[in-house]
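# Chains, contacts and geometry: an overview
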Amino acid sequence: MKQICVIGVGYVGLVTAACFSDLGNKVIALDIDEEKIKDLENGIMPIYEPGLKELVDRNVQAGRLIFTTSSDEGLEGTEFVFIAVGTPSGVDGEADLRHVAAVARTLAMGMSAPLIIVNKSTVPVGTGDWVADIITENQSNPVAFSVVSCPEFLREGSAIGDFMHPHRTVLGSLDREAAEKVAQLHLPLRAPIVITDLRTAEMIKYASNAFLATKISFINEIANICEELGADVKEVAIGMGYDKRIGHMFLDAGLGYGGSCFPKDVQALAYMAAEKGRHPQLLRAVMEINDDRRRFAVNRLEEMLGDLKGKQIGLLGLSFKPNTDDMRDAPSIDIASGFFNKGATVKAYDPVAMQAASTILPDIEMKPDPYALAEGCDALVIVTEWNEFLQLDLDQIRKLMRQPIILDGRNIYNPDKMKSRGFVYRGFGRGYNGTITEEEGKAAATTAA
Ligand code: UDX
């Protein structure tokens, strides 16, 4: 049994701690936030993630997972320390490394035996070396240590599956022996392990996320062109994806990416490039296309409804993607603000994110289910593609609405079927998408009657 200390019980840290303990290691999860630690000791999770509570409970009961705020307890007898603290964006898009620096100082002062320090947080290229320097400068008694970069590739909503079945494990260090020891911890996951130097490992993380974000902005650009030329982007993506060099994943057009990683990582990579005098033109285009999606949604509904002043708009979904309550950089925030600014009333329903959203969007009226939301609405906007929205009784929804208008920001419905059910329906990139035609308006009115 190996002993691991995970510092930071945010999203990445908590999943990492729970999964490593489930693999049979003893894990001490350390955080300075006393309330969070107390909650975790009482089985209350700080985030919604499918399967996480069961995993945490099981391993706490087995005595393999311990929560603490004491760094002495965290470091006592530990061979590996995983740093998993937040690296938010600074004012210019650079990563803010305050928390990483604080952890490095704590380690320098607290370590009394050799340590392998593994960084999981997404940090600018070169941070591993910087952490090593901080530790060396702050050590009161010199104790040997090595720094290894092991970037996380966990998607919210499927983080446990992603941890247990990774596509690959990336490890970077100047100390090969330390990297190999960290590789041993990952052997039960049976995935390819790439061992490289520190800076390359840090770069692999940024390049991977930037590539996926580029795929999304690429398909969104294609969606725009599809609209002008009368093609359906959803079928274009299916046709493209069978080419193994392209693949089907991350080709869903719509409202674009949000969340805690893609926006921040693309921005940070562009910042690193610009700081060194490079012009990251592709990354800038990726960000610009993504920002436009949110404005686009507001303009499109205005095109469909006319003046939005006094209109009632219902948002189906608030979180940045399904199976999470995470509202960080969620498209719903900008879209709701856009509607508010145009004088509309905005209501919403989300299966799990309403509580998290209510502090960020205090003017939105939250509804208990999609039917209560639809009542009296002039339009519904699909913002997050929760599975339950595929099972809605759409006839009932249509009858409850003041006008049967749906703007589908995630292209989850079939345009022809929606039309035959009496909706005026628009997706993104699905053939013609202009103002409502007279014929469409009449057809919807006839079906509704
Ligand atoms: C991402 C990475 O996938 C993960 O490897 C990394 O370590 C953390 O960042 P996450 O942010 O949880 O994970 O979500 P992901 O499922 O990757 O989706 C990101 C965003 O892209 C979401 O807003 C999603 O709605 C959007 N998206 C995704 C699209 O708009 N189209 C797609 O085809 C796929």
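Residues numbered from 1 in each chain as written. Predicted model: local features only at pLDDT ≥ 70, side-chain atom pairs only at ≥ 80, totals over all residues. Heavy atoms only, no water.

For the rest of this paragraph, the subject is the overall build of the protein. Per the secondary structure count, the protein includes 18 helices and 14 strands. Here the C-alpha atoms of the protein give a radius of gyration of 24 Å, agreeing with the 22 Å that 2.2 N^0.38 yields for 449 residues. Principal-axis analysis of the C-alpha atoms places the extent of the protein at approximately 80 × 50 × 40 Å. A burial count over the protein gives 54% of its 449 residues as buried. Summing over all exposed atoms, the protein offers an accessible surface of approximately 20,300 Å²; the carbon and sulfur share of this is 51%. Positive and negative side-chain charges of the protein, numbering 46 and 62 respectively, have mean locations separated by a distance of 4 Å. (Helix = DSSP H or I, 4+ residues; strand = E, 2+ residues; numbered from the N terminus. Rg over C-alpha atoms; globule rule 2.2 N^0.38 Å. Buried < 20%, exposed > 50% of the residue type's maximum accessible area, 1.4 Å probe, protein only. Areas by Shrake-Rupley, 256 points an atom, 1.4 Å probe, with all protein chains shown as cover. Lys, Arg positive; Asp, Glu negative; His and termini not counted. Charge placed at Lys NZ, Arg CZ, Asp CG, Glu CD.)

Here the protein is described as being made up of domain 1 (3-196) and domain 2 (215-449). Across the boundary between the two partners, domain 1 contributes 15 residues, which contact 17 residues of domain 2. Of all residues in domain 1, the largest losses of buried area upon contact with domain 2 belong to Tyr-48, Gly-93 and Glu-156, amounting jointly to 42% of the total for that side. The tally of links from domain 1 across to domain 2 stands at one salt bridge. Across the pair Arg-328 and Glu-156 runs a salt bridge, and its minimum N-O distance is 3.7 Å. The interface formed by domain 1 and domain 2 includes four residue pairs in polar contact (both at pLDDT 80 or more). Split into classes, the residues belonging to the side of domain 1 that touches domain 2 amount to five nonpolar, five polar and five charged. (Domains from an automatic or database assignment. Contact = heavy atoms within 4.5 Å. Buried area = accessible area lost by both parts, 1.4 Å probe. Salt bridge = Lys/Arg side-chain N within 4 Å of Asp/Glu carboxyl O. Polar contact = N/O pair within 3.5 Å; in protein donor to acceptor, adjacent residues only side chain to side chain. Nonpolar A, V, L, I, M, F, W, Y, C, P; charged D, E, K, R; others polar.)

A sheet is described by the order of its strands in space; here six strands give the open sequence β11-β10-β9-β12-β13-β14, paired in parallel fashion. Unpaired on one side and paired on the other, β11 (365-366) and β14 (424-426) mark the two borders of the sheet. Note: strand β12 (residues 379-382) against strand β13 (residues 405-408), three bridges, orientation parallel. Residue pairing across strands places Val-381 opposite Leu-407, the latter belonging to β13. Across the sheet, helix α12 (residues 281-305) is in contact with β9 (312-316), β12, β13 and β14; its angle to β13 comes to roughly 160°. Relative to β9, helix α13 (residues 331-341) is tilted by about 175°, and along the sheet it contacts β9, β10 (345-349) and β12. (Pairing = 2+ DSSP bridges. Axes fitted to C-alpha atoms, helices over the stretch in contact; angles between N-to-C directions.)

Right, let's talk about the pairing of strand β7 (residues 169-173) for a bit. Most of β7 is tucked away: five of the five residues are buried. Here β7 shows no split at all, with Thr-169, Leu-171 and Ser-173 on one side and Val-170 and Gly-172 on the other all buried. Pairing geometry for strand β6 (residues 145-149) and β7, over two bridges, is antiparallel. Bridging across to β7, Ser-149 finds its partner in Gly-172.

Within the structure, the ligand sits among 19 residues, and Glu-156, Asp-252, Gly-258, Cys-261 and Lys-321 are positioned closest to it. A distance of 3.1 Å is found between an oxygen atom of the ligand and a side-chain nitrogen or oxygen belonging to Lys-205. Gly-256 places a polar main-chain atom, nitrogen or oxygen, 3.5 Å from an oxygen atom of the ligand. If the ligand stood free it would expose 660 Å²; the protein chains cover 93% of that surface. Per element, the largest residue contribution to the shell around the ligand is three residues, and it comes from helix α9 (residues 198-229). Taken together, the residues of the shell around the ligand break down into nine nonpolar, three polar and seven charged. Residue contributions to the shell around the ligand reach at least three from each of two domains, namely domain 1 (3-196) and domain 2 (215-449). (Near = heavy atom within 4 Å.)

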